Amino acid sequence: MRLSDLLQTIQPVRITGSTSMEITGVNIDSRLIGTGHLFMAMRGTQTDGHAYIPAAIDKGAVAVLCEELPEELKAGITYIGKVATTFYGDPTSKMELIGVTGTNGKTTVATLLYNTFRYFGYKVGLVSTVCNYIDDLPVPTEHTTPDPITLNRLLGEMADSGCKYAFMEVSSHSIAQAHQRSDVCRRYFH
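Attention in this report is confined to the structure presented alongside it.

Quick notes on the rules
Sequence positions are assigned chain by chain, starting from 1 and proceeding in written order. Given that the model is predicted, a residue must reach a pLDDT of at least 70 before its local features are reported, and side-chain atom pairs must reach 80 or more before they are shown or counted; all residues, however, enter totals for whole chains, interfaces and linings. Side-chain numbers here rest on the full set of heavy atoms in the structure, without hydrogens or water. Here the nonpolar core consists of buried residues drawn from Ala, Val, Leu, Ile, Met, Phe, Trp, Tyr and Cys, with membership extended through side-chain atoms lying within 4.5 Å. Partly exposed describes any residue whose relative accessible area lies between the buried limit of under 20% and the exposed limit of over 50%, with all areas from a 1.4 Å probe on protein chains only and scaled to the type maximum. Pairs of residues are marked as contacts when any of their non-hydrogen atoms sit within 4.5 Å. Put simply, DSSP marks the helices as runs of H or I at least four residues long and the strands as runs of E at least two long, and each gets a number from the N terminus on. Pairing between two strands requires that DSSP report at least two bridges joining them. To estimate the expected span of a helix, subtract one from its residue number and multiply by 1.5 Å. Every axis in this analysis is a line fitted to C-alpha atoms, fitted for helices over the stretch in contact. Angles between the N-to-C directions lie between 0 and 180 degrees.

For soluble globular proteins, nonpolar side chains are generally found buried alongside one another. Leu 3, Ile 23, Val 26, Leu 38, Met 40 and Phe 87 are the most contacted members of the largest nonpolar core, which totals 16 residues. Discounting residues that sit within four places of it in the chain, Leu 3 has contacts with Ser 18, Thr 19, Met 21, Ile 23, Ala 63, Thr 78 and Ile 80. Counting residues in each nonpolar core, the second largest holds 13 residues, with Met 95, Leu 155, Ala 159 and Cys 163 among its members.

Written as structure tokens, this is what we have:
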């Protein structure tokens, strides 16, 4: 996908560099960056992705999403605003996303909703700390709370497979990162 296409639906504060290059992948983990990727330098609860911009560029990133521009801009690299949702086809515009919050019972409630909707014939997805599902296909989870890239990729696969609803556990960790998830979590049931 061309970077300029990714940028059509967002309003970046600033773009430094060309937007005509082809983006072959999007990732938030600099260790997983490949040639032609867009690296998303996000501030998390444990680390600041901005510290990994040089490593991502060394691994082949051609564009970097960042909240603050680095003091030294590398020639040939484009620096821009958020794009994960667009890269994965804006999945939440194609289905209803229901987040389940609370101190206890998030897994149970999200799983009950997922199973109930499947029982009534709906094609649905589940984002859970135990296992993710795209309808009846299990997708093992690696982290309690998926990062924005993983979450958008999973939701994109759900939308592409025809899921009309997705049920998601929303932990306090993901709520703490609400600024990163605001384009994904549109509705919460408490």
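Here the focus is the pairing of strand β3 (residues 63-66). Residues Ala 63 and Leu 65 point to one face of β3 and Val 64 and Cys 66 to the other, with burial holding for every one of them. Relative to strand β4 (residues 78-80), β3 runs parallel, the two being bridged by 3 bridges. Counterpart to Ala 63 in the pairing with β4 is Thr 78.

To continue, consider the environment of Val 130. Mapped onto the elements, Val 130 comes out in the loop between β6 (124-127) and β7 (132-134). Classification of Val 130 as exposed rests on a relative accessible area of 62%. With 19 residues separating them in the primary sequence, Val 130 and Thr 111 have C-alpha atoms 9.8 Å apart. If sequence neighbours within four positions are ignored, Val 130 has contacts with Thr 107 and Thr 141.

Bringing helix α5 (residues 148-160) into the picture now. Across its 13 residues, α5 extends 18 Å between first and last C-alpha, which sits within 8% of the 18 Å expected from 1.5 Å per residue. Looking only at α5, the buried set comprises Pro 148, Ile 149, Leu 151, Asn 152, Leu 154, Leu 155, Gly 156, Met 158 and Ala 159. Where α5 terminates, the next one or two residues include Gly 162, which has phi positive at roughly 95 degrees.

Turning to the sheet that holds strand β2 (residues 37-41), a few remarks are in order. Here we have 4 strands laid out as an open sheet, ordered β1-β2-β3-β4, and parallel in their pairing. What marks the edges here is a single partner per strand, and that holds for β1 (25-27) and β4. The average undirected angle you get between the axes of adjacent strands in this sheet is 20 degrees.

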